[in-house]
Amino acid sequence: MTLSVDAPENYRAGFVSLVGRPNAGKSTLTNALVGQKVAITSSKPQTTRHTIRGIVHRPDFQLILVDTPGIHRPRTLLGERLNDLVEATLAEMDAVGLCIPADEKIGPGDRYIVEQLAGLNRTPIIAFVTKTDKAGPAALTEQLLAVQRLGEELLPNTIGDGGFADIVPVSAVKDHQVDVVAEVLSQHLPASPPLYPDGELTDEPDHVLVAELIREAALEDVRDELPHSVAVVVEDMQAREDRPEDRPLVDIWAQIYVERDSQKGIIIGKKGARLRAIGAQARTNIERLLGTPVFLDLRVKVAKEWQRDPKQLNRLGF
Ligand SMILES: Nc1nc2c(ncn2[C@@H]2O[C@H](COP(=O)(O)OP(=O)(O)OP(=O)(O)O)[C@@H](O)[C@H]2O)c(=O)[nH]1
C-alpha cells in the first residue's frame, strides 16, 4: 500500500520537548518558534502547567513542540504528578531541548534536570543557551563551555559519544538563532509525512488555552507565593444565542481557585479592582485567541490545600 501525501520527499515530522528550570525561557522560545502566542509566559516561575503543543511548519519539516512544565524536585502531590507527566512525555520525544539561560550560573536546579535526562538513553538532548542578549560575548563563551562540561559530566551515555547532541545559543526575544534552533531540532526527526494540517498551531482544546490566559493574567504583579496556589477552571464556554451572524459573542464562565482567604483577597483587590483588571487583560487575550468578542464571568473560590488533594487535582485537570 502506498500512502499518498502532499509533502516533498525527505519530509520529516516529529515531537520535541523543551525542558529547563523555571524561568529558563522555554515558553518564550516556543512562542518564537511557532510565531504566535500559544504557551504562557510570565516573569514568575512555574506558570506552564499544561502540556501545550505548538507546531512549527516549514517546507521540509514539521516540528511539534510539547511544552512541559519543567522538571521540579517534587515537594507536593502536584509536584509528583508533574514529574510523572514530564517523564511519560519525554520518553516519547524524538529529541529533547534543554534550556539554560546565558546570564545565570548553572546551579543545582539545572544539574538536577540533567541528571533526570540521563535516563533517556536513546533520545538526543540538545542544549539551548537562552537569553543570549543578556550576556556579553565573554560571558556567553564561558557559559557555552560550562554547558558542554555539564553534558560531558552528567550525560556519559547519550547517543553518540555522550554529552549534548548539540549546543546552540539563542535569543528568543531578539529573534537571534531561532531558526537555527528549529533546524537543529529537525535533524533529529524521523522521515514522516506531516502529522498536522498546515496552519494548525496547537491542538490544545480552547478551554485549556483560555484557562491558561486567565491564569497568566491573575499572576501578573503578584507576590511570589501565589503562582503555586492558583488554578483556573473554565466551567463553560458557549456562543450566545440570538446574536446576528456578523456579531458573535462567546460567554465564558471561569473559576479562579486559590488556597486561602488571604489569597482570595489579593486576587480580588480593593473593591474588586484587581479582579476587574485580571478580567480585562484575560478578555483581550482570549478575544485574540478565539477571534470573537467575549463576555467573561470570573469568580474566585478558595479550595483549601488543593495542591495536596487528589480529588481536587482530578477536578482541575491534573
Ligand atoms: N532578554 C530576554 N529575556 C527572555 C528571553 N527569553 C525569555 N526571557 C524572559 O525570561 C522570563 C522567563 O521566560 P519564560 O519563557 O516564561 O520561561 P519558562 O522557562 O517558560 O518559565 P516557566 O513557565 O516558569 O517554567 C520572562 O520574563 C521572559 O520574558 C530572551 O531571549 N531574552
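For clarity, every value in this text was computed on a predicted model and none was experimentally measured.

Conventions used here
Each chain has its residues counted from 1, running along the sequence as written. Local features in a predicted model are, by the rule used here, given only for residues with pLDDT of at least 70; side-chain atom pairs are given and counted only at 80 or more, and totals for whole chains, interfaces and linings are based on all residues. Heavy atoms throughout the structure, all of them, feed into the side-chain values; hydrogens and water do not. Labels follow the DSSP assignment, with helices taken as runs of H or I lasting at least four residues and strands as runs of E lasting at least two, numbered in each case from the N terminus. Any N or O atom pair separated by 3.5 Å or less is treated as a polar contact, with the protein-specific requirement of one donor-capable and one acceptor-capable atom, and with residues adjacent in sequence counted only for side-chain atom pairs. Here, two residues are considered to be in contact whenever any of their heavy atoms come within 4.5 Å of each other. One confidence number per residue, pLDDT, is output by the predictor and ranges from 0 to 100. Only buried residues count toward a nonpolar core. Its members are Ala, Val, Leu, Ile, Met, Phe, Trp, Tyr and Cys residues joined through side-chain atoms within 4.5 Å. Buried, partly exposed and exposed residues are distinguished by accessible area as a fraction of the type maximum, computed with a 1.4 Å probe on protein chains only: under 20%, between the cut-offs, and over 50%, respectively. Expected span of a helix: the number of residues minus one, times 1.5 Å.

1. Brief notes about the side chain of Asp 251
Structurally, the position occupied by Asp 251 is in strand E8 (residues 250-258). A polar side-chain atom of Asp 251 sits 2.7 Å from a polar atom in the side chain of Arg 240. In this view, Asp 251 contacts Asp 236, Met 237, Gln 238, Arg 240 and Phe 295; residues no more than four positions away in its chain are not counted.

2. Quick look at the confidence of the model for the chain
Confidence in the prediction of the chain, expressed as mean pLDDT, is 81, and 76% of residues score 70 or more. At the low end of the mean pLDDT range in the chain sits helix H9 (residues 310-315), at 62; at the high end sits strand E5 (residues 125-130), at 97. Note that residues 37-50 has pLDDT below 50 and, in this model, 61 contacts with residues that lie over four places away or in other chains.

3. A closer look at the side chain of Thr 130
Note that Thr 130 resides in strand E5. Of the polar contacts made by the side chain of Thr 130, one reaches the backbone oxygen of Ala 24; its length is 2.7 Å. Leaving out residues up to four positions away in the same chain, Thr 130 has contacts with Ala 24, Cys 99, Ile 100, Pro 101, Ala 102 and Val 170.

4. Concerning the nonpolar core
Counting 26 residues, the largest nonpolar core has Ile 214, Ile 252, Ile 256, Ile 267, Ile 286, Leu 296 and Leu 298 as its most contacted members. Excluding residues within four positions of it along the chain, Leu 298 makes contact with Ile 214, Ala 254, Ile 256, Leu 275, Ile 278 and Gly 279.

5. Comments concerning helix H6 (residues 206-219)
For H6, with 14 residues, the first-to-last C-alpha span of 20 Å sits near the 20 Å given by 1.5 Å per residue. Here H6 lies mainly inside the structure; 12 of its 14 residues are buried. Every buried residue of H6 is accounted for by Val 208, Leu 209, Val 210, Ala 211, Glu 212, Leu 213, Ile 214, Arg 215, Glu 216, Ala 217, Ala 218 and Leu 219.

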